[in-house]
Amino acid sequence: MNRFTLSFAFGLLLALSVSLKVLGGGIGQSVTADHPANEDIAALLRANGFAFTLSEPNTDPQWFYATKETCQLKIADVSVQGWHRSMLDRQAKDRVLLYSVEGKLYEHQPILMPMVHHYIGRALRYAGIKTRLVVARAIIIGPRCSLPPIATADLERLS
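Structural notes, computed from the coordinates. None of these values were measured; they are calculated from a predicted model.

1. What to know about the side chain of His-84
No. 1: Topologically, His-84 is positioned in the loop between β3 (71–78) and α3 (85–92).
No. 2: Exposure remark for His-84: the relative accessible area of 10% places this residue in the buried category.
No. 3: Polar contacts involving the side chain of His-84 include one to the side chain of Asp-60, which spans 3.2 Å.
No. 4: Those residues in contact with His-84, other than ones at most four positions away along the chain, are Asp-60, Pro-61, Val-78 and Ser-79.

What follows is the structure in structure tokens.
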């Protein structure tokens, strides 16, 4: 096979691959479309009678500050890789810190399996295959709250 034929075949394959991804919605699809503006957190807080405000949009992580009578909660999306852990430990101080990851509550953020699932899903999305995002959420519960202030099953469903 001569060089021109090989180059032409490769170019044709590349054009076909890109056109399938564009037509199939693989390119330009938002990876955050499953969690627009964290509406699930807002809905959970509203359903449980909490008033809440959001931190500034340019903060990382962006917190939901929730209050119900004397109980104060903070909930935010955090990195699956664990980049926020030390900062969260400092912020929690004498309060209870929980993580909702892959449908379960943890006292310490699990890293290995959620990170493996995150990167496998990311590779599949690059290939144009839609997958569910791995979500990790930190929940800081104030000292004047009953434990848990929201049903455990509801907190687990945050991820």
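2. Points about the pattern of salt bridges
Any two side chains of opposite charge can pair, on the condition that their charged atoms come close.
No. 1: One pass over the structure, following the stated rule, counts 3 salt bridges.
No. 2: The salt bridge partner of Asp-77 is Arg-137, with a shortest N-O separation of 2.2 Å. Of the two residues, Asp-77 is situated in strand β3 and Arg-137 in strand β6 (residues 136–141); the sequence distance between them amounts to 60 residues.
No. 3: In this structure, Arg-157 and Asp-154 form a salt bridge, with 2.3 Å as the shortest nitrogen-oxygen distance.

3. Brief notes about the sheet that holds β3
No. 1: Spatially, β1-β2-β3-β6-β4-β5 is the arrangement adopted by the 6 strands of the open sheet, whose pairing is antiparallel. At either end of the open sheet lies a strand with only one pairing partner, and these are β1 (51–54) and β5 (104–106). When strand polarity is set aside, the average angle formed by the axes of neighbouring strands in this sheet is 25 degrees.
No. 2: The sheet contact formed by strand β4 (residues 96–101) and β5 spans 3 bridges and is antiparallel. If you follow Val-101 over to β5, its bridge partner there is Lys-104.
No. 3: Contacts from helix α2 (residues 39–47) reach β1, β2 (63–68), β3 and β6, with the element oriented near 5 degrees to β2.

4. Comments concerning helix α4 (residues 112–126)
No. 1: Its 15 residues place the ends of α4 21 Å apart at the C-alpha level, agreeing with the 21 Å of an ideal helix rising 1.5 Å per residue.
No. 2: Where α4 is concerned, the buried positions are Pro-114, His-118, Gly-121 and Arg-125. Down the axis, α4 shows its buried residues gathered within 75 degrees of arc, on one side only. Those residues of α4 that are exposed and angled more than 90 degrees off the buried face are Leu-112 and Tyr-126.
No. 3: Gly-128 sits one or two residues past α4 and shows a positive phi near 90 degrees.

5. A few points about the packing of aromatic side chains
No. 1: Throughout the structure, instances matching the rule amount to 1 aromatic pair.
No. 2: Across from the ring centre of Trp-63, 4.6 Å away, lies the NZ or CZ of Lys-74, which sits over that ring.

6. A word on the state of the cysteines
No. 1: In total, this model carries 1 disulfide according to the counting rule given.
No. 2: Across a sulfur-sulfur distance of 1.9 Å, Cys-71 and Cys-145 are joined as a disulfide pair. Because the sign of the S-S torsion sets the handedness, a value of about 100 degrees for the bond joining Cys-71 and Cys-145 places this disulfide among the right-handed ones. Of this pair, Cys-71 sits in strand β3 while Cys-145 is found in the loop between β6 and α5 (152–156), placing the two residues 74 residues apart along the sequence. Cys-145 matches Cys-71 in its accessibility class, with the two residues each being buried.

Cut-offs used in this document
Residues numbered from 1 in each chain as written. Predicted model: local features only at pLDDT ≥ 70, side-chain atom pairs only at ≥ 80, totals over all residues. Heavy atoms only, no water. Helix = DSSP H or I, 4+ residues; strand = E, 2+ residues; numbered from the N terminus. Buried < 20%, exposed > 50% of the residue type's maximum accessible area, 1.4 Å probe, protein only. Polar contact = N/O pair within 3.5 Å; in protein donor to acceptor, adjacent residues only side chain to side chain. Contact = heavy atoms within 4.5 Å. Salt bridge = Lys/Arg side-chain N within 4 Å of Asp/Glu carboxyl O. Pairing = 2+ DSSP bridges. Axes fitted to C-alpha atoms, helices over the stretch in contact; angles between N-to-C directions. Expected span 1.5 Å × (residues − 1). Arc of directions from axis to C-beta. Phe/Tyr/Trp six-rings, centres within 6.5 Å; stacked < 30°, edge-to-face > 60°. Lys NZ or Arg CZ within 6 Å of the ring centre and 35° of its normal. Disulfide = S-S within 2.5 Å.

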